[in-house]
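The lines below spell out each chain.
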Amino acid sequence: MNDDVRNIVLGVVAAGISAAVGWLTRTYLWKRKLRRKQAFFGLPDHSECLLVVNREAGHHSAVHRYDVVALLELSSLIKDCGAHAQIVQHDLAQQGFGERTEFCVGGPYSNRRTAAHLTSLLPGVQVNQDTEPGPDRGSFRIGTERYRMEHGVAEYVVLARISVAQDARPVFLFCGQRAINNQAATRYLARNAGKLSRKYGSGSFCLLLKVVNSQAYGPDVVELVADVTRAAQEPAPAVRTSHRAAG
């Protein structure tokens, strides 16, 4: 074998080794990212989870179109984790929590399951469910602060991950003042899952988000107002004069 042939063979071998190392590295990083995502959502390979469906206001069984889109986005996220979803109507989900990851979409006025979770797990979050028009209709009270809705301009949604024990599967809540806010929260979660996982790990959190100018931007422009985990987990204090939070 002359020098030219030997150099060609060595070059091919080196290129093959380099390609193999690169492939192994990318595969390792991809699997590590997937495992972190699965741990955050409580969705290991081939696991089962619940998608709890609410109803559109004024209807017995219809689901609002924005909530349908939110469910589709969550279904895609679940599929990426290699898990499977069971869709359950909110008034038929008569079971405990912690055995399977649960994604609960809608406020307490349209989703009984959300109402139960707020009472049991986030007692510091109260949602005004008045049916008559008024400034506080649909407003949130978290701790001592009240957040009023400006329809189509500034609307709020609670995004929470609740885990009741170390080895329990989490409950995710998407509790918006309007259906479009629920979709905004699911989209925010999908886009920021990695960041939230690094910050909170497998622990609980409750975030208050503001959807900005939904009449023009839909569910895409979302601001983080505050991490309200501590206030949300404590019993609600006595009511004081309400106001809309600035920002």
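Presented here is an overview of the structure given in this document. (Residues numbered from 1 in each chain as written. Predicted model: local features only at pLDDT ≥ 70, side-chain atom pairs only at ≥ 80, totals over all residues. Heavy atoms only, no water.)

## Topic: helix α4 (residues 179–200)
- Its 22 residues place the ends of α4 only 26 Å apart at the C-alpha level, less than the 32 Å of an ideal helix rising 1.5 Å per residue.
- Remark: the principal bend of α4, roughly 70°, maps to N192. (Helix = DSSP H or I, 4+ residues; strand = E, 2+ residues; numbered from the N terminus. Expected span 1.5 Å × (residues − 1). Bend = angle between axes of the 7 residues up to and from the residue.)

## Observations regarding the packing of helix α2 (residues 65–80) against α4
- The contact between α2 and α4 brings their axes to 8 Å, and the two run at 15°. The angle between α2 and α4 places the two elements in the roughly parallel class. Like other packed secondary-structure pairs, α2 and α4 cross with a definite hand, here left-handed. Touching Y66, D67, V69, A70, E73, L74 and L77 of α2 are A179, I180, N182, Q183, T186, R187 and A190, all from α4.
- By residue class, the composition of the contact of α2 with α4 is 8 nonpolar, 3 polar and 3 charged. (Axes fitted to C-alpha atoms, helices over the stretch in contact; angles between N-to-C directions. Parallel < 35°, antiparallel > 145°, perpendicular 65-115°, else oblique. Left-handed = near helix turned anticlockwise from the far one by under 90°. Contact = heavy atoms within 4.5 Å. Nonpolar A, V, L, I, M, F, W, Y, C, P; charged D, E, K, R; others polar.)

## Here's the deal with the sheet that holds strand β8 (residues 171–176)
- Ordered in space as β2-β1-β3-β8-β7-β9-β10, the 7 strands form an open sheet in which the pairing is mixed. The sheet terminates laterally at β2 (84–89) and β10 (222–227), the two strands that pair on one side only. Going from strand to strand, the sheet's axes swing by 20° on average, the running direction of each strand aside.
- This element, α4, spans β3 (101–105), β7 (154–162), β8, β9 (205–212) and β10 of the sheet and lies at about 135° to β9. (Pairing = 2+ DSSP bridges.)

## Here we look at the environment of A236
- One can find A236 in the segment after α6 (229–233).
- For the pair A236 and G124, spaced 112 residues apart in the sequence, the C-alpha separation amounts to 4.3 Å.
- What A236 contacts, discounting residues up to four positions off in sequence, is P123, G124, Q126 and R141.

## Looking at the environment of N111
- Turning to its location among the elements, N111 is positioned in the loop between β3 and α3 (112–121).
- Separated by 59 residues in the primary sequence, N111 and V52 place their C-alpha atoms 8.4 Å from one another.
- Once residues within four sequence positions are removed from consideration, N111 is found in contact with V52, V53, N54, H90, C104, V105 and G106.
- In terms of polar contacts, N111 uses its side chain to reach the backbone amide nitrogen of T114, at 3.1 Å. (Polar contact = N/O pair within 3.5 Å; in protein donor to acceptor, adjacent residues only side chain to side chain.)

## What to know about the side chain of T114
- Mapped onto the fold, T114 is located in helix α3.
- Exposure remark for T114: the relative accessible area of 1% places this residue in the buried category.
- Each residue touching T114, except ones within four places of it in the same chain, is listed here: C104, G106, G107, P108, L173 and C175. (Buried < 20%, exposed > 50% of the residue type's maximum accessible area, 1.4 Å probe, protein only.)

## Things to note about the side chain of S110
- Tracing the chain through its elements places S110 in the loop between β3 and α3.
- When its relative accessible area of 5% is taken as the criterion, S110 is described as buried.
- Non-local contacts of S110, meaning those with residues more than four positions away in its chain, are made with N54, R55 and H90.

## Here we look at the packing of aromatic side chains
- Applying the stated rule across the entire model yields 8 aromatic pairs.
- Relative to F103, the ring of F41 has its centre 6.3 Å away and its plane inclined at 40°; by these criteria the two rings are tilted. Remark: F103 occurs in strand β3 and F41 occurs in helix α1 (residues 3–41); sequence separation between them is 62 residues.
- Among the residues examined, F41 registers a relative accessible area of 0% and is labelled buried.
- Take F103: its relative accessible area is 0%, and that puts it in the buried class.
- Consider the rings of F41 and F172, whose centres lie 5.4 Å apart with planes at 40°: the pair is tilted. In this pair, F41 is assigned in helix α1 and F172 in strand β8, connecting sequence segments 131 residues apart. Here the two residues F41 and F172 agree in accessibility, since each one is buried.
- Site record: aromatic cluster; members linked through ring pairs are F40, F41, F103, F172, Y200 and F205.
- Across the ring face of Y66, the terminal group of R65 is positioned such that the distance to the ring centre comes to 4.4 Å.
- The ring of F40 has R161 lying over it, and the distance from NZ or CZ to the ring centre is 5.4 Å. (Phe/Tyr/Trp six-rings, centres within 6.5 Å; stacked < 30°, edge-to-face > 60°. Lys NZ or Arg CZ within 6 Å of the ring centre and 35° of its normal.)

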